[in-house]
2 protein chains.
Amino acid sequence: MAKELTRRDENYSQWYNELVLKADLAENSAVRGCMVIKPYGYAIWEKIQGELDRMFKETGHVNAYFPLFIPKSFFSREAEHVEGFAKECAVVTHYRLRTDDKGKGVVVDETAKLEEELIVRPTSETIIWNTYKGWIQSYRDLPILVNQWANVVRWEMRTRLFLRTTEFLWQEGHTAHATRDEALEETVKMLDVYATFAEQFLALPVIKGVKTESERFAGAIDTYAIETLMQDGKALQGGTSHFLGQNFAKAFDVKFLNREGKLDYVWATSWGVSTRLIGALIMGHSDDNGLVLPPRLAPIQVVIVPIHKTDEQLAAITEKANEIKKSLEALGISVKYDGRDTHKPGWKFAEYELKGIPVRLAIGPRDLENNTVEIARRDTLTKQVLPVEGIAQAVKQLLSDIQDNIYRKALEFRDSNIHRVDTWEAFREVIEVKGGFAYAHWDGTPETEARIKEETKATIRCIPLNNPAEEGKCVLTGNPSKQRVLFAMAY
Amino acid sequence: MAKELTRRDENYSQWYNELVLKADLAENSAVRGCMVIKPYGYAIWEKIQGELDRMFKETGHVNAYFPLFIPKSFFSREAEHVEGFAKECAVVTHYRLRTDDKGKGVVVDETAKLEEELIVRPTSETIIWNTYKGWIQSYRDLPILVNQWANVVRWEMRTRLFLRTTEFLWQEGHTAHATRDEALEETVKMLDVYATFAEQFLALPVIKGVKTESERFAGAIDTYAIETLMQDGKALQGGTSHFLGQNFAKAFDVKFLNREGKLDYVWATSWGVSTRLIGALIMGHSDDNGLVLPPRLAPIQVVIVPIHKTDEQLAAITEKANEIKKSLEALGISVKYDGRDTHKPGWKFAEYELKGIPVRLAIGPRDLENNTVEIARRDTLTKQVLPVEGIAQAVKQLLSDIQDNIYRKALEFRDSNIHRVDTWEAFREVIEVKGGFAYAHWDGTPETEARIKEETKATIRCIPLNNPAEEGKCVLTGNPSKQRVLFAMAY
């Protein structure tokens, strides 16, 4: 292979970092913790955006845009929010530079100091609820179902491309409702949208659940999340949907006249997913040869590579390849024909394997004679020869099969890695050796949760929705427990 | 009307501000100079984005994403760029807040001071060329044809919604080429893309031209622009495309091995349009009743309003309206049916006029009897009654006619407001009384340009492409001139 990857079983973390770089997805920038999302990585993000945006609109949401900057004082309004968010952020203190007197480039102009510092948004509840105050007078103004696609900044000390970066791209939905029930319904509806998206597009099975108090979004009454399992046995939170109650309405004094003619505070939700999903996509499916992309999110679904010795052969193959390309595109399939004669077929095969193109077609002189094509699938690395006639339908079916197959594979992996454990030893074995989820009894106290985290680094990923009631004893303390919860190491 | 607008001839500027607010396009935020783009305004931006993004991709470009923050020192690298850009920007100096000891919310943590300040990007040439250095070794790595959709910040003292805001949304293309000619070709190609978009979608005629030195982008060899004329006779620069030569490659040391095997600096372009285009769209077409949107960018192209007295009538009209809605949607037309019984038809008519919906259909009991519908066009405010049979085709044609008509109207207005002037008196009359462009001789010196600006506030908008050579005398100094240029007051 042109670009040798570290194997997953050698060093999973290094494999991931190398893959992101070698597949041209992203790289670190000159600004600590901020990434450059390269065209190939960004094309995946555009596919994610396109599908999610459609799903948001189908569920009645509209997009809007709110300021990047938030006045510092806004963060003090919601008591828990300030603890969770206002700490590690980028602070704008000045609005002008000036040429240095000593000719050393530019320096901050100390006379241009802001009266109140501005925070680069880590999340937008505060500025949005301050805005909603002007939009909402009566129940007739509700619900407000708004989403924003934006960049946000959270100052991170240890960063990893896509998974944890100081700046990242995301969407944040912020809705306002007249009743508690309606807001709760919205919270769960958007969790379901995320789950559907993850399963149908990312091809990643998810567990829907609710977070414990200590893992809750700062300012939320309840945080719902979708949890996925990566190939190294660590969990990754793929998206969250928060029921905010009336907390932000109270903090920003957003009242409305309800149907009964009485003033009440507005009910809120917020929900978001980010470029982190690209990290989940990579770690969920890819292998030692490179990326494995689900066809429904692959920027290029099919690549056609000519195999030739002479220019005449190349010309004839190119003609045939373009015919096939057209017939595929007519079915809505995205195709690249790589007819470059600066690179050998073997180099191209490795390159497109690395980049996770789901289907590769190769055409050689003998294929021309026989009117056949060699078709290789990226997920299983298997090949077969098919007649050109009917190839478009065959490829379409194959893309669908690949999408199903990688989902099924991830599902089997996930299901075989949910371990019911009843003893502390078994718990530690899952967390420290086996990997995956430990489905264990917990006594429900934040203290026990904290001790478990301290001793094993495992956290409660969620309490699954529709979790069966089950009497038992806490895996750590032996105290009575009414249900099992999911613990795991997590990204 | 439900929401009375100031008339354009009373106070154009106030008309604009009121219209932006009352049509729910945008509003000022709690952060000075930063706007909230409301859902209806953002829907227009999404239409603009969608079309431009398609055009960029059709011309071979791909999207990527670069950091929001730029190290301060980067701005000192390109001598002219720093003068033009690094002055009025948002400066991040700290990365943490802490709870105030005296319990007064949060304060900046002085121990978390950045070693080097970060600038919130006012434009991204510096961070991008610093990145390109790692991407380019040989001519085989070229061209790089990248675009970015992003938010940028330029600290503005006097702001107006859409036209001039501290934060705005835009796209910035940044391309890298092996030769001067190829970069120049790209610069002009993207200018053409902007011109085509403005004329075919915004329905605004443009003049393509090149900027004088004093109006040039800081760091460019040449700046090309499209100039449009607003209804108050002021010009508005709709988009710019810059030929950057090797300036940024030299500043960031980006060299490549050319086909001859020699090291050379890379050639560059950059080009951008922003949410300012929404301001141009509003000021170019709208009237005293509200917005006039070109059908090709209108989020809702057709609204259907029922006119009824009884609930039975409403039910029957709703059924008919939904049939019509379906037949329109089958032709790709976006339709809203407003069957609310909380608002009267007259209120709805005024509301949708204000919001610039291109076509309004009204259906009353007599229409039901006759199987007709009343169709009103927003641009001319004229109405007619048409049979329901064939209505979808008729509406489709009408949308096309409206698009053409508002373009033609804007074109006639623009053309009748380009004034050839040969004396200083005539020049001042155009600038100070008549409005529009003064097409006048200029001696070619920055000094004269500056004096004219000082005396009249008029600037040289551009030297039109393919401008005919013409001997003459400068309108201010009487010195010899070889061509006329376009002066105007400008946004």
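Residues numbered from 1 in each chain as written. Chains lettered and ligands numbered in written order. Predicted model: local features only at pLDDT ≥ 70, side-chain atom pairs only at ≥ 80, totals over all residues.

A. Region of interest: the interface of chain B and chain A. Counting from both sides, the interface comprises 52 residues of chain B and, opposite them, 52 residues of chain A. Of the residues assigned to the side of chain B that touches chain A, the class counts are 34 nonpolar, 10 polar and eight charged. Sheet topology places strand E5 (residues 91–94) of chain A next to strand E5 (residues 91–94) of chain B; three bridges connect them, and they run antiparallel. Residue pairing for E5(B): A:His94 is matched across the bridge by B:Val91. (Contact = placed C-beta atoms within 7 Å. Nonpolar A, V, L, I, M, F, W, Y, C, P; charged D, E, K, R; others polar. Pairing = 2+ DSSP bridges. Helix = DSSP H or I, 4+ residues; strand = E, 2+ residues; numbered from the N terminus.)

B. Region of interest: the relation of the copies chain B and chain A. By a simple turn and slide, chain B fits onto chain A: the slide is 0.0 Å along the axis, the RMSD is 0.0 Å, and the turn is 180°. Classification of the inter-copy transformation places it as that of a two-fold axis. When each C-alpha of chain B is compared by its distance to the rotation axis, B:Val92 comes out closest, at 2.1 Å. When you check the interface residues of chain B against chain A, 100% turn up at the interface there too, and the contact is symmetric in its surfaces. (Least-squares fit on C-alpha atoms with pLDDT ≥ 70 in both.)

C. Expanded view of the pairing of strand E8 (residues 113–120) of chain B. Residues and elements named next belong to chain B. Here strand E4 (residues 69–71) runs beside E8; their pairing, made up of three bridges, is antiparallel. Looking at the pairing, phenylalanine 69 lines up with valine 120 of E8. In the sheet, E5 pairs with E8 via three bridges, with the strands oriented antiparallel. Considered in E8, the bridge of histidine 94 is made with lysine 113.

D. Structural context of the nonpolar core. A:Leu202, A:Ala438, A:Phe487, B:Leu202, B:Ala438 and B:Phe487 are the most contacted members of the largest nonpolar core, which has 303 residues in total. Residues in contact with A:Leu202, not counting those within four places in the same chain, are A:Phe197, A:Leu277, A:Ala280, A:Leu281, A:Pro294 and A:Leu297. (Core = buried A, V, L, I, M, F, W, Y, C linked by C-beta atoms within 7 Å. Buried ≥ 20, exposed ≤ 12 C-beta atoms within 10 Å, placed from the backbone.)

E. Structural view of the sheet that holds strand E27 (residues 484–488) of chain B. Residue and element names in this part refer to chain B. Pairing within the open sheet is mixed, and its 11 strands lie in the order E3-E9-E10-E16-E13-E12-E11-E24-E27-E23-E22. One side of each edge strand has no neighbouring strand; the edge strands of this open sheet are strand E3 (62–63) and strand E22 (418–420). Sheet topology places strand E13 (residues 235–245) next to strand E16 (residues 267–274); five bridges connect them, and they run antiparallel. When the sheet's bridge partners are listed, histidine 242 is paired in E16 with serine 270.

F. Layout of helix H9 (residues 345–354) of chain B. All buried positions along H9(B) are accounted for by B:Glu351, B:Tyr352, B:Glu353 and B:Leu354. On the buried face of H9(B), the contacting elements are helix H1 (12–22), strand E17 (302–306) and strand E19 (359–363) of chain B.

G. Expanded view of the sheet that holds E5(B). Spatially, E4(A)-E8(A)-E5(A)-E5(B)-E8(B)-E4(B) is the arrangement adopted by the six strands of the open sheet, whose pairing is antiparallel. Bordering the open sheet on either side are strand E4 (69–71) of chain A together with E4 of chain B, each of which pairs with just one other strand. Between one strand axis and the next, the sheet turns by 45° as a mean value, whatever way the strands run. (Axes fitted to C-alpha atoms, helices over the stretch in contact; angles between N-to-C directions.)

H. How the structure looks around the packing of helix H8 (residues 311–329) of chain B against helix H11 (residues 391–415) of chain B. All names here are of chain B. Following both chains from N to C, one finds H8 and H11 inclined at 55°, their axes separated by 9 Å at the closest point. Viewed along their axes, H8 and H11 adopt a mutual orientation that is oblique. Two packed elements cross with a definite hand, and for H8 against H11 that hand is right-handed. Residues Ile324, Ser327 and Leu328 of H8 touch H11, and the partners they reach there are Ile391, Ala392 and Val395. A class-by-class count of the residues in the contact of H8 with H11 yields five nonpolar, one polar and no charged. (Parallel < 35°, antiparallel > 145°, perpendicular 65-115°, else oblique. Left-handed = near helix turned anticlockwise from the far one by under 90°.)

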